[in-house]
Amino acid sequence: MNEELINQCGDELYTAWLERKTLAPLTERYPEIELEDAYRIALRYIDRRVQTGETIVGKKIGVTSKPVQDFLGVYQPDFGQLTSGMVYEDGATIDLGTLIQPKAEAELAFVLKEDLTGPGITAMDVIRATDYVVPCFEIVDSRITDWKIKIEDTVADNASCGVYVLGKTKGDPRKLDITLAGMVLEKNGELFSTGVGAAVQGSPANAVAWLANTLGELGIPFKAGEVILSGSQSALVPVTGGDELVCHVGGLGSCSIKFSGRSAV
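Just so it is clear, the model here is predicted, and its values are computed rather than measured.

Draft legend 1. Just the packing of aromatic side chains, in detail. Using the criterion set out here, one finds 3 aromatic pairs in the structure. Both rings, one in Y14 and one in W17, keep their centres 5.7 Å apart while their planes meet at 40 degrees; by these two values the pair is tilted. Of this pair, Y14 and W17 both sit in helix α1 (residues 3–19), 3 residues apart, which is roughly one turn of the helix. Accessibility expressed as a relative area gives 8% for Y14, which makes it buried. For the pair Y39 and F79, a centre-to-centre distance of 5.4 Å together with 50 degrees between the ring planes defines the contact as tilted. Placement of Y39 in helix α3 (residues 35–51) and of F79 in strand β2 (residues 78–83) is noted, with a sequence separation of 40 residues between them. Relative accessible area serves as the criterion here: at 5%, Y39 is assigned to the buried category. Counting every residue linked through ring pairs, the aromatic cluster contains Y39, F79 and W210. Across the ring face of W17, the terminal group of R49 is positioned such that the distance to the ring centre comes to 3.9 Å.

In structure tokens form, the structure reads like this:
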């Protein structure tokens, strides 16, 4: 894809985000699209958001667990960038009117104390560079109609990132077994799903290392202070106004979020 078309697609996704509407899949309109094209489209989309005053605060990996892969029909991880406009505090209420077709997932977030630049990053490098981990909700939200996505669609759409919520309890990944720590997700006080860190590429640290190496090949480093979302340990949760979600991570703590209103789709 040429630069003009890359910019056009990125601008379309930005407008879709701004106006809370969806687009036909890029892979249907442009069958020639490749993964590198998709990432360049995502950079354009995020650049448009940065131009309005948002800042880059981290990165995310998605589609790492089998339940999410099966649901979306995408069988390799996607990746994107986090901005300052995506962050909610633990216990906050999210107005669904600010989103299009949201679904929630529970995971671990890593907050870095050192830079990491791939390729060549290992899971142990990730642990050493991490200041702390916290339980987290990511609210994924596709700008692609009916979530009809292939890997190129979701990468172009900044890994279908909507917003995210960080728990308040900080854990040391050198002392907490993030691979075996269990996660329990409750919806409106009832058990929705259970998971474990090993469901995410064998370990959340493996997923973060993969992301560091993948983005490193594209010239994008991880920076000290950034938040890295490591990928869902739960099934995707549909949400409507009035719902409350709580995830508990063994040995770490919990994170909660509430929803109000109606989403755009």
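Draft legend 2. Spatial organisation of the pairing of strand β7 (residues 161–166). Counting buried positions over the 6 residues of β7 gives 6, a clear majority of the element. As paired elements, strand β3 (residues 87–89) and β7 share 3 bridges and run parallel to each other. The residue of β7 that forms the bridge with E89 is L166. Pairing of strand β6 (residues 130–141) with β7 involves 5 bridges; the strand directions are antiparallel. Bridged to I139 within β7 is V163.

Draft legend 3. A look at helix α7 (residues 204–217). Between its first and last C-alpha, α7 extends 20 Å over 14 residues, near the 20 Å set by a 1.5 Å rise per residue. Of the surrounding secondary structure, the elements contacted by the buried residues of α7 are α3, β1 (56–62), β2, β5 (102–112), α5 (123–129) and β10 (227–232). Count one or two residues on from α7 and you reach G219, which has phi positive near 80 degrees.

Draft legend 4. Up close: empty space enclosed by the protein. One pass over the full model with this rule turns up 1 cavity of 30 Å³ or more. By volume, the largest cavity is sized at about 70 Å³. In terms of lining, the largest cavity is formed by 13 residues, of which the most central are V63, L72, D78, V140 and A159. Elements represented by at least two residues in the lining of the largest cavity include exactly β1 and α4 (66–72).

Draft legend 5. Seen up close, the state of the cysteines. A full pass over the atoms with the stated rule returns 0 disulfides. Of all cysteine sulfurs in the structure, the one in C136 sits closest to C161, which takes part in no disulfide; the separation is 9.3 Å.

Draft legend 6. Representation of the sheet that holds strand β12 (residues 244–249) in the model. Spatially, 5 strands are ordered β4-β13-β12-β8-β9 in an open sheet, and the strand pairing comes out mixed. Across the chains shown, the open sheet's two edge strands, defined by having one partner strand only, are β4 (93–95) and β9 (190–196). The average undirected angle you get between the axes of adjacent strands in this sheet is 20 degrees. Where strand β8 (residues 182–187) meets β12, 5 bridges bridge the pair, whose relative direction is antiparallel. Note on β12: the bridge partner recorded for V184 is H248.

Draft legend 7. Representation of the pattern of salt bridges within the structure. Tallied over the full model, the rule gives 13 salt bridges. The partner of E19 in a salt bridge is K21, with the nearest N and O atoms 3.1 Å apart. A relative accessible area of 48% means that E19 is categorised as partly exposed. When salt bridges with common partners are traced through the structure, they connect E3, D37 and R40 into a single cluster.

Draft legend 8. Local environment of the side chain of S142. Mapped onto the secondary structure, S142 falls in the loop between β6 and α6 (151–156). A distance of 2.9 Å separates a polar side-chain atom of S142 from the backbone nitrogen of I144. Leave out the neighbours within four places in its chain, and S142 touches T22, I100, Q101, W147, I149, D157 and S160.

Draft legend 9. Layout of the environment of G261. Note that G261 resides in the segment after β13 (253–260). The class for G261 is partly exposed, based on a relative accessible area of 42%. Along the chain, G261 and G241 lie 20 residues apart, while their C-alpha atoms are 4.8 Å from each other. Every residue in contact with G261, bar those within four places of it in the chain, is listed here: D95, L96 and G241.

What counts and what doesn't
- Residues numbered from 1 in each chain as written.
- Predicted model: local features only at pLDDT ≥ 70, side-chain atom pairs only at ≥ 80, totals over all residues.
- Heavy atoms only, no water.
- Phe/Tyr/Trp six-rings, centres within 6.5 Å; stacked < 30°, edge-to-face > 60°.
- Helix = DSSP H or I, 4+ residues; strand = E, 2+ residues; numbered from the N terminus.
- Buried < 20%, exposed > 50% of the residue type's maximum accessible area, 1.4 Å probe, protein only.
- Lys NZ or Arg CZ within 6 Å of the ring centre and 35° of its normal.
- Pairing = 2+ DSSP bridges.
- Expected span 1.5 Å × (residues − 1).
- Contact = heavy atoms within 4.5 Å.
- 1 Å grid on protein atoms, 1.4 Å probe; cavity = no way out; pocket = protein on both sides within 12 Å on 5 of 7 lines; lining within 4 Å.
- Points joined across faces, edges and corners; volume = space filled by probe spheres on them.
- Disulfide = S-S within 2.5 Å.
- Axes fitted to C-alpha atoms, helices over the stretch in contact; angles between N-to-C directions.
- Salt bridge = Lys/Arg side-chain N within 4 Å of Asp/Glu carboxyl O.
- Polar contact = N/O pair within 3.5 Å; in protein donor to acceptor, adjacent residues only side chain to side chain.

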